[in-house]
Amino acid sequence: MRSFLKPVAGLSCLFALATAGCSTGSDGTSDAAPGPPGRSSSSPSASASEEASSGTSYAPYVSASDSSDNDAAGSPGTYNLAFVISDGSGCTAKWNGTEAIDDSAVTSRISALTDSGATVRVSFGGASGKELASTCDSASALAKAYGEALDEAGSSQADFDIEGDELTDSASVALRSKAIALLQADRSDLEVSFTLPVMPSGLDDDGIALLESANTYDVQVSTVNLMTMNYGESYTGDMGSYAITSAKAAQAQLRNVFGTSDETAWKGMALTSMIGTNDVDNETFTLSDAAQVREFAEEKGIAWVSMWATFRDQQCEDGTDTDDALTNCSGVSQSSGAFAEAFSG
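Presented here is a report on the structure given in the accompanying data block. Computed from a predicted model, the values in this text were never measured in an experiment. (Residues numbered from 1 in each chain as written. Predicted model: local features only at pLDDT ≥ 70, side-chain atom pairs only at ≥ 80, totals over all residues. Heavy atoms only, no water.)

Some thoughts on helix H8 (residues 239–258)
Here is step 1: Under the 1.5 Å per step criterion, the end-to-end length of H8 is 28 Å for 20 residues, consistent within 8% with the ideal 28 Å.
Here is step 2: For H8, the capping residue at the N-terminal end is Asp-238, with a side-chain oxygen 3.2 Å from the backbone nitrogen of Gly-240. (Helix = DSSP H or I, 4+ residues; strand = E, 2+ residues; numbered from the N terminus. Expected span 1.5 Å × (residues − 1). Polar contact = N/O pair within 3.5 Å; in protein donor to acceptor, adjacent residues only side chain to side chain.)

Some details on the environment of Thr-168
Here is step 1: Among the secondary structure elements, Thr-168 is positioned in helix H5 (residues 165–168).
Here is step 2: Residue class for Thr-168 comes out partly exposed when judged on its relative accessible area of 48%.
Here is step 3: Of note is the side chain of Thr-168, whose polar atom sits 3.0 Å from the backbone oxygen of Asp-165. (Buried < 20%, exposed > 50% of the residue type's maximum accessible area, 1.4 Å probe, protein only.)

Topic: the packing of H8 against helix H10 (residues 287–300)
Here is step 1: Two elements in contact, H8 and H10, have axes separated by 8 Å at closest approach and are oriented at 30°. Judged on the interaxial angle alone, H10 and H8 are roughly parallel. The element H8 and its partner H10 pack so that their crossing is right-handed. Along its contact with H8, which presents Met-239, Gly-240, Ser-241, Ala-243, Ile-244, Ala-247 and Lys-248, the element H10 presents Asp-289, Gln-292, Val-293 and Phe-296.
Here is step 2: Considered class by class, the residues forming the contact of H8 with H10 number six nonpolar, three polar and two charged. (Axes fitted to C-alpha atoms, helices over the stretch in contact; angles between N-to-C directions. Parallel < 35°, antiparallel > 145°, perpendicular 65-115°, else oblique. Left-handed = near helix turned anticlockwise from the far one by under 90°. Contact = heavy atoms within 4.5 Å. Nonpolar A, V, L, I, M, F, W, Y, C, P; charged D, E, K, R; others polar.)

As for the pattern of salt bridges
For side chains bearing opposite charge, pairing can occur when the charged atoms are close.
Here is step 1: Per the stated rule, a full pass over the model turns up seven salt bridges.
Here is step 2: In this structure, the salt-bridge partner of Arg-187 is Asp-151, at a minimum N-O distance of 2.9 Å. Of this pair, Arg-187 sits in the loop between helix H6 (170–186) and strand S8 (191–197) while Asp-151 sits in helix H4 (residues 139–153); the two residues are 36 residues apart in sequence, bridging distant segments of the chain.
Here is step 3: The class of Arg-187 is partly exposed, set by a relative accessible area of 21%.
Here is step 4: Among the ionic pairs, Lys-267 bridges to Glu-263, the shortest N-O distance being 3.1 Å. In this pair, Lys-267 and Glu-263 are both assigned in helix H9 (residues 262–267), four residues apart and thus about one turn of the helix distant.
Here is step 5: On the basis of relative accessibility, which here comes to 28%, the residue Lys-267 falls in the partly exposed class.
Here is step 6: The exposure class of Glu-263 is exposed, given its relative accessible area of 52%. (Salt bridge = Lys/Arg side-chain N within 4 Å of Asp/Glu carboxyl O.)

Observations concerning the nonpolar core
The nonpolar side chains of soluble globular proteins are, as a tendency, buried together.
Here is step 1: In terms of nonpolar packing, the biggest core is built from 79 residues, with Phe-124, Tyr-146, Phe-194, Leu-211 and Phe-343 touching the most fellow members.
Here is step 2: If one sorts the elements of this core by residue count, H8 sits on top with nine residues.
Here is step 3: In this structure, Leu-211 is in contact with Phe-194, Leu-196, Leu-203, Val-224, Leu-254, Val-257 and Phe-258, ignoring residues within four places of it in sequence.
Here is step 4: Counting residues in hydrophobic clusters, the runner-up holds nine residues, among them Phe-83, Met-274, Ala-309 and Phe-311. (Core = buried A, V, L, I, M, F, W, Y, C linked by side-chain atoms within 4.5 Å.)

Here we look at helix H7 (residues 205–216)
Here is step 1: Between the first and last C-alpha of H7 there are 16 Å, a value that for 12 residues agrees with the 16 Å anticipated at 1.5 Å per step.
Here is step 2: Residues of H7 that are buried include every one of Gly-207, Ile-208, Leu-210, Leu-211, Glu-212, Ser-213, Ala-214 and Asn-215, and no others.
Here is step 3: Where H7 is buried, its residues touch H5, H6, S8, strand S9 (221–227) and H8.
Here is step 4: Capping the start of H7, Asp-204 holds a side-chain oxygen 3.1 Å from the backbone nitrogen of Asp-206, two or three residues further along.
Here is step 5: Looking at the residues trailing H7, positive phi occurs at Asp-218, about 65°.

In structure tokens form, the structure reads like this:
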């Protein structure tokens, strides 16, 4: 049985969504006056307060370099910009490993996305390439690389999409936690989310270990975003129901890891689905699944729902290969932007 970390002195100092400003050191000391269990005496950040008061928001993943006609469908409150990774071997942050973080085309794209008042969240990692924690040689260098990418995007929201080999590499997991803690020490308004794979049984041991690492190094986590997709060939049922089952299992784990309440654990969760035909056989996420997930998220007070990705939110032309996550269509019968409308409620 895994041993979970417990909150220090009755305080849950992660999940900044509900406890922003609480900073408990690994030696058990705190720079905040003790408050009621599970709460901080400091006020939540403005964006966290707005999100909590407005209910479940819609925050799709978008390409940082290429626009889609469906980007604005559903009126997103936040866009997740995919992805910042290493240039291949060093500690230089690049969009998709190829475009400089100050690339003028990306900068113009971000400006267009935020013209409506939406914010952007920089997503580090993803399924391809090398996440910066595996190529930077120190926590300070890694924090600098993360910070430069956030500054170029004009963002105070960082998402860390950790999967595959990156999730099982304990050294890079620890280095990342140290770097994020350094970054938050310099940026009190930085909101951090971790995007992790999930199964109907919940997060796996590696996902739990990553969150425990964040706990160890006093990272304040606003949200744990569950990738409700790619369950494997043994799962052939309803994808909406699988997403809900996965969320329920993970919520119990989050309560244990962060020593928090039912309500706070739900508010500290996000759900991301791969719309349409997934890149695993027998998995198709439909428009009715999206509506089902949205209804569940609102019922539980989940922070945000998302999808991979806006450029897939349209019907495919005949002959298109639909089981590739990078295909620019969903593989199901739909009108353009229909998944965004379903997810946004």
